[in-house]
Amino acid sequence: MIRLFWILILGLAAGCGQEGGKSERPDNAEQFLVEELAKQLNPNTPGLAEFYEEWDAGNVEKAKESLLVYFRNKKIPEAAVPKPLPVELQVMRNALDAWRGSFNFQGVKGRAAEPDGPIDWTYQGPRDDSEWTWFLHRHFFLREMLVLYQEQGHEEFVIRMQDYLLDWFWKYPAPDHRSFSASWRALEAARRITDSWLPIYSALRAKDVLRDETLLAIVAGAGRHGEYLRAHHHFGGNHLVTEMMALATIASVWPEFRDSQEWMSYAADRSLEEMNRQIYPDGAHKELANHYQWIAGSSFQQLYEVLGGSGASETAEKLRPGMERIWDYYAKVVRPSGTGPLNNDSDLEPNKEQLLTLADFYQRPDWLYIATSGEKGVIPEGRASQVFPWAGHAVLRSDWGREADWVFFDAGPYGSDHQQMDRLHISASLQGRDLLVDSGRYVYRDDEWSRFFRSPEAHNVPTFSAHSRITPDTEATTPQEQWTDFAGVLPTASGWIPLSREGEAAWTGTHSRTVALGDGFVWIVDQVDLNRPDEAIFRWRFHPDLDLEPSSEGWSVMENSKEVARWISASTSEKEGAKIEGQTEGKIQGWYSPEYNDRLPNQVLVFRSKPASRATFTWLLLASDTGIKQANLTANKTGSTLVISRENGAETYQLDFPSSGKSKGSAPKIHRITEP
Amino acid sequence: MPQPSLPVINPLVNAVQFAVVTVRIFGFVIVVLGLFQLLSSLAATFGKIGLVYWQTFLLTVVLPPVIWLAGGLLIVLLARPIGRLLSCGLGEKKPDAS
């Protein structure tokens, strides 16, 4: 809250959203750049003595030649340069579109330039989304054009690429204040220099096709970006990590700048601070979104590699324990199918695929085991189910294979940024098939779609007619204890959320939830406890590949017309269930977003109960083809009973709520009454 | 028959005293209401505060009644100057407009 206040105040003081002052290309552009570099570079750099001699003597042309020879032939630390883009159809298509003046960002294509004209850098794309403009200013399309040129060898691609780069360079000099404009928001500056300009410089600097003016602009631009990122970086969060990574990268690739050493040590110090500030001891990034775990983790990773490759190995070693914690969390939340959870503002990240190179880098055979679903490496020690007590995340898992049963349960804080109202949400997969899902993030806009994807209505949690869910703190200050039980008859996790009546400050109710994972089933027990009766509305959202059909015992979950799971429920309060899919009339409901800008209709079961003060609701998701013949579920005021009948006998499980009633210190216990 | 002399009461002083007492009572009512809201909220919320709810609890349950309570106390403490301010002009004689 305090940070937000300062962001607003400083943002206003800095002229939020204003461009950093436009300028035009001077007639003597190359001389202008040489002069700028003469001021930026360190005269004591070995190899630049000749340049400074000529420059001091007033021999501008000779000085320029000397400078070009130096920067065309200098070596670059490999660790600092991003790995080349894969030569894929989509990359080539994007590059070709960019050459023609159309740009594709996050699945949205827009024309920002005529085929042979300059880019309109203020264009917000066909959906009028400022996010699109930010991506335009990151210049990632230049790197795609580089791939096209390298593959096809046509100079017109690289000529156009340089036209774009120089057009931007001359139009947007760095501002002398913190800017939130698309051109010089610090995150865009960081992405532009590391993900676009540096790979172009690295690949083409020794080739004649890279014009002298472009080369000088990239080097002078690196100096501008370094100065800007050092002085006007973001306040915190994943942005700051990326910005410090970029600052360290500039210092590592261009140690010739006067301030490079100071930039490197500043980036290293801030990164160490941020590692402690942004990463919980259990490895979760405090934004608590799998997508930003990857983004912040990747920035830390690149920084770690840059530091290690540029002689700052002592600082790098200090980062290492934190790095392993970040990736350990990333490994252990993974779904059997290979993707990570869609918690908070997340896209569907391929956690297992991304983990492969990390397992190799850190020599972690247990990560390799997870990434390959047990085909290679060494099985991780301990139980497959994991608890992250700071993040408040519990992952219940049968094993590490592709066809495992998996539950992701969120009983943690709100998240330091990119929050969604998802406390007590459950995502579940059985036999490796994704069944219960989170909705994703879809867009960052101030509209009804964005509000829906952030709301409790887009998660597997109940809402109430006259009560609101209380939003938890943004960060945890201590780890939560005794809310999971992996040693009992079934691995379980529990949590609760306070409720308040609309318009009242007091918290006059609670919703408590326990989830247990059995062999081929997920059992969920909800208890609602209110001072005054109210209706509860439960929503259970299923993967978009699935269809729901009513059945004698509840609902059948179908895939390609075949039943893959069953959904059974019981409660002490009468309730009615209905199916909703892709609803846009009235309240938005039934939508799933695997990645930004992409949404698909999915089927959601909605159950509305009769008003009650105290009620128990219990739910069972049962995979088909697991040898379970029948399942009986009952709910009562003190808990719930589940009877699973298999061919070789029946198992009866009893869940009892804690006797202390409102006390939330202890989680419900599950007992097995009869052995199978 | 001579009438007994009555004590002379300054109508202006009466107005000031009345205003001060009214402001004090007003402030006191706010204090009582704030205190009541605080205690009832605390009683209702008892047992529902988890580890990840302390900040929210302080900001949404405790702070609003505490602000009322503090505001009421401030009014009680500043009742005299506030009363004087409010009673300004109440006892003044104004020349007839006609």
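Residues numbered from 1 in each chain as written. Chains lettered and ligands numbered in written order. Predicted model: local features only at pLDDT ≥ 70, side-chain atom pairs only at ≥ 80, totals over all residues.

A. Structural detail: the overall build of chain A. Counting its secondary structure elements, chain A contains 17 helices and 26 strands. In terms of C-alpha radius of gyration, chain A reaches 28 Å, essentially the compact-globule figure of 26 Å for 676 residues. The principal-axis extents of the C-alpha atoms in chain A amount to approximately 95 × 50 × 50 Å. In chain A, which comprises 676 residues, the proportion classed as buried is 51%. Within chain A, contacts between residues separated by at least 24 positions form 64% of all contacts whose residues are at least 6 apart in sequence. (Helix = DSSP H or I, 4+ residues; strand = E, 2+ residues; numbered from the N terminus. Rg over C-alpha atoms; globule rule 2.2 N^0.38 Å. Buried ≥ 20, exposed ≤ 12 C-beta atoms within 10 Å, placed from the backbone. Contact = placed C-beta atoms within 7 Å.)

B. Molecular detail of the domain arrangement of chain A. Residues and elements named next belong to chain A. We note that the domain assignment places domain 1 (1-40 + 75-232), domain 2 (235-382) and domain 3 (383-674) within chain A. Between domain 2 and domain 3, the C-alpha centre-to-centre distance is 31 Å. Taken residue by residue, the interface counts 30 residues in domain 2 and 36 residues in domain 3. For the side of domain 2 that touches domain 3, the elements supplying multiple residues, two or more each, are α14 (313-332) and α16 (365-371). Its residues placed into classes, the side of domain 2 that touches domain 3 shows 15 nonpolar, eight polar and seven charged. (Domains from an automatic or database assignment. Nonpolar A, V, L, I, M, F, W, Y, C, P; charged D, E, K, R; others polar.)

C. Structural context of the sheet that holds strand β4 (residues 393-397) of chain A. Residues and elements named next belong to chain A. One open sheet holds the five strands; their spatial order is β3-β4-β5-β6-β7, and the pairing between them is antiparallel. Either end of the sheet is taken by a strand with one partner, and the two such strands are β3 (386-388) and β7 (433-436). The sheet shows a mean angle of 15° between the axes of neighbouring strands, direction not considered. Where β4 meets strand β5 (residues 406-410), five bridges bridge the pair, whose relative direction is antiparallel. Pairing of His-393 across the sheet is with Asp-410, part of β5. (Pairing = 2+ DSSP bridges. Axes fitted to C-alpha atoms, helices over the stretch in contact; angles between N-to-C directions.)

D. Region of interest: the nonpolar core. Ranked by size, the top nonpolar core spans 187 residues in total, and within it Met-145, Ala-248, Val-407, Val-522 and Leu-621 of chain A carry the most contacts. When residues no more than four places from it in sequence are discounted, the contact partners of Val-407 of chain A are Leu-396, Ile-426, Ala-428, Val-515, Leu-517 and Val-522 of chain A. (Core = buried A, V, L, I, M, F, W, Y, C linked by C-beta atoms within 7 Å.)

E. Representation of the pairing of strand β15 (residues 547-551) of chain A within the structure. All names here are of chain A. Pairing geometry for β15 and strand β16 (residues 554-559), over five bridges, is antiparallel. Across the sheet, Asp-547 pairs through a bridge with Met-558, a residue of β16. Taking the residues that link successive antiparallel strands as the turn, the β15-β16 hairpin has two residues.

F. The packing of helix α12 (residues 260-278) of chain A against α14 of chain A, seen in detail. All names here are of chain A. Where α12 contacts α14, the two axes come as close as 10 Å, and the packing angle between them is 20°. Our classification of the angle between α12 and α14 gives roughly parallel. Note that α12 runs across α14; the crossing there is left-handed. Between α12, through Ala-268, Ser-271, Leu-272 and Met-275, and α14, the contact on the second element is made entirely by Thr-315, Lys-318, Leu-319 and Gly-322. By residue class, the composition of the contact of α12 with α14 is four nonpolar, three polar and one charged. (Parallel < 35°, antiparallel > 145°, perpendicular 65-115°, else oblique. Left-handed = near helix turned anticlockwise from the far one by under 90°.)

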